[in-house]
Amino acid sequence: MDPNRNTPLRAVALVCTLTPSPSPSSSQLLAEQTMAALADHGVTGKTIRIADHDVKPGVKTDMGDGDAWPEIRDTILGCDILILSTPIWLGHPSSIAQRVLERLDAEISETDDEERLLTYGKVAAVCVVGNEDGAHKVGADLFQGLNDVGFSLAPNAVTYWVGEAMQGTDYQDLEKTPEKTAATTATLAANTTHLARHLKAAPYPAR
């Protein structure tokens, strides 16, 4: 039995749909389902739809002139778990997901008193939706980027749904969540919280 199972954890899901609120979004739906699965393990938190905020392009923690990223960054740094949810566009993560990774690149230069990245000890996971093949490729792209900027990833840290190619059905149009997607989301939540609690109890060593 996990001795750290009661350690409180916080999570934030960054939804990288190209569509701002209040329009419905499959990426938002899967992110919310993932947050609900995390809640089953005692995790609290919120989702942020990036398209609703003026996140400037760049690779600094603050690009100035009304940049919304510093506040979002503060939320990320205040959490133990980061969920990145993206649609597939032309076989790739959305441009907004790429922008998030570019802004996170600034964390490579941000360290604590022991020269560890501020993201060390934080765990990330990925949600992917689309109407074409490519979920594994998109997950791999995001995994590498998140790991490069200091996040850890548990086994099975991606949940996804991909519809039939060249068809118009979106994830949000389904009458119910497919069993395999629900099971994968549950596994993601269990493994991600398990790793986050262990890293909170035993941080990575200093350089």
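Heads up: the structure comes first, above all this text.
So, here's what we can say about the structure. (Residues numbered from 1 in each chain as written. Predicted model: local features only at pLDDT ≥ 70, side-chain atom pairs only at ≥ 80, totals over all residues. Heavy atoms only, no water.)

Moving on, we come to the packing of helix α1 (residues 26-39) against helix α5 (residues 179-201). Two packed helices can be described by the angle between their axes and the distance between those axes. Axis separation between α1 and α5 bottoms out at 9 Å; the angle between their running directions is 50 degrees. The angle between the axes of α1 and α5 places the two elements in the oblique class. Considering how the two elements wind past one another, α1 and α5 form a crossing that is right-handed. Listed contacts from α5 to L30, Q33, T34, A37 and L38 of α1 are T181, T185, L188, A189 and T193. (Axes fitted to C-alpha atoms, helices over the stretch in contact; angles between N-to-C directions. Helix = DSSP H or I, 4+ residues; strand = E, 2+ residues; numbered from the N terminus. Parallel < 35°, antiparallel > 145°, perpendicular 65-115°, else oblique. Left-handed = near helix turned anticlockwise from the far one by under 90°. Contact = heavy atoms within 4.5 Å.)

In an α-helix there are 3.6 residues to a turn, and that puts residues three or four apart on one side. Regarding helix α2 (residues 69-77), the residues found buried are W69, I72, R73, T75 and I76. Taken around the axis of α2, the buried residues stretch over an arc of 155 degrees, which confines them to a single face. Facing away from the buried surface of α2 by more than 90 degrees, the exposed residues are E71 and D74. Looking at the packing, one finds that the buried side of α2 touches β1 (9-15), β2 (43-49), β3 (81-89) and α3 (95-104). (Buried < 20%, exposed > 50% of the residue type's maximum accessible area, 1.4 Å probe, protein only. Arc of directions from axis to C-beta.)

The next thing to look at is the side chain of T75. Relative to the elements of secondary structure, T75 occurs in helix α2. Excluding its chain neighbours within four sequence positions, the residues that come into contact with T75 are V12, K46 and I48.

Below, the discussion takes up the pattern of salt bridges. Counted by the stated rule, this structure contains seven salt bridges. Taking the shortest distance from any N to any O, the salt bridge between K200 and D80 comes out at 3.5 Å. With a gap of 120 residues between them, K200 in helix α5 and D80 in the loop between α2 and β3 connect regions that are remote in the sequence. With a relative accessible area of 42%, K200 lands in the partly exposed category. Ionic pairing is found between D112 and R116, a salt bridge with its closest N-O pair at 3.1 Å. (Salt bridge = Lys/Arg side-chain N within 4 Å of Asp/Glu carboxyl O.)

Ranked by internal contacts, the top residues of the largest apolar core, which has 29 residues, are L14, I76, L104 and L146. Within the residue set of this core, elements represented by two or more residues are β1, α2, β3, α3, β5 (123-130) and α4 (135-148). A per-element tally of this core places α3 first, with five residues. Those residues in contact with L14, other than ones at most four positions away along the chain, are I48, I50, W69, I72, I76, L82, I83, L84, S85 and V100. (Core = buried A, V, L, I, M, F, W, Y, C linked by side-chain atoms within 4.5 Å.)

Our next topic: unusual backbone geometry. Among all residues save glycine, negative phi is the norm, and among peptide bonds the norm is trans. Put simply, S21 and P22 share a cis peptide bond, and its omega is 10 degrees. Position of P22 relative to the elements: it lies in the loop between β1 and α1. In the Ramachandran plot, N156 falls in the positive-phi region, its phi being about 55 degrees despite a non-glycine side chain. Considering the arrangement of structural elements, one finds N156 in strand β6 (residues 152-162). On the accessibility criterion, N156 (52% relative accessible area) is exposed.

Most of β5 is tucked away, with eight of its eight residues classed as buried. The two faces of β5 match: V123, A125, C127 and V129 on one face and A124, V126, V128 and G130 on the other face are all buried. By the bridge criterion, seven bridges tie β3 to β5 in an arrangement that is parallel. Of the residues in β5, the one forming a bridge with T86 is V128. Where β5 and β6 come together, seven bridges link them in parallel fashion. (Pairing = 2+ DSSP bridges.)

We now examine the packing of α3 against α4. Look at α3 against α4: their axes get within 9 Å of each other, and the N-to-C directions meet at 15 degrees. The angle between α3 and α4 places the two elements in the roughly parallel class. Here α3 and α4 pass one another in a crossing that is left-handed. Listed contacts from α4 to A97, L101 and L104 of α3 are L142, G145 and L146. When its residues are assigned to classes, the contact of α3 with α4 shows five nonpolar, one polar and no charged. (Nonpolar A, V, L, I, M, F, W, Y, C, P; charged D, E, K, R; others polar.)

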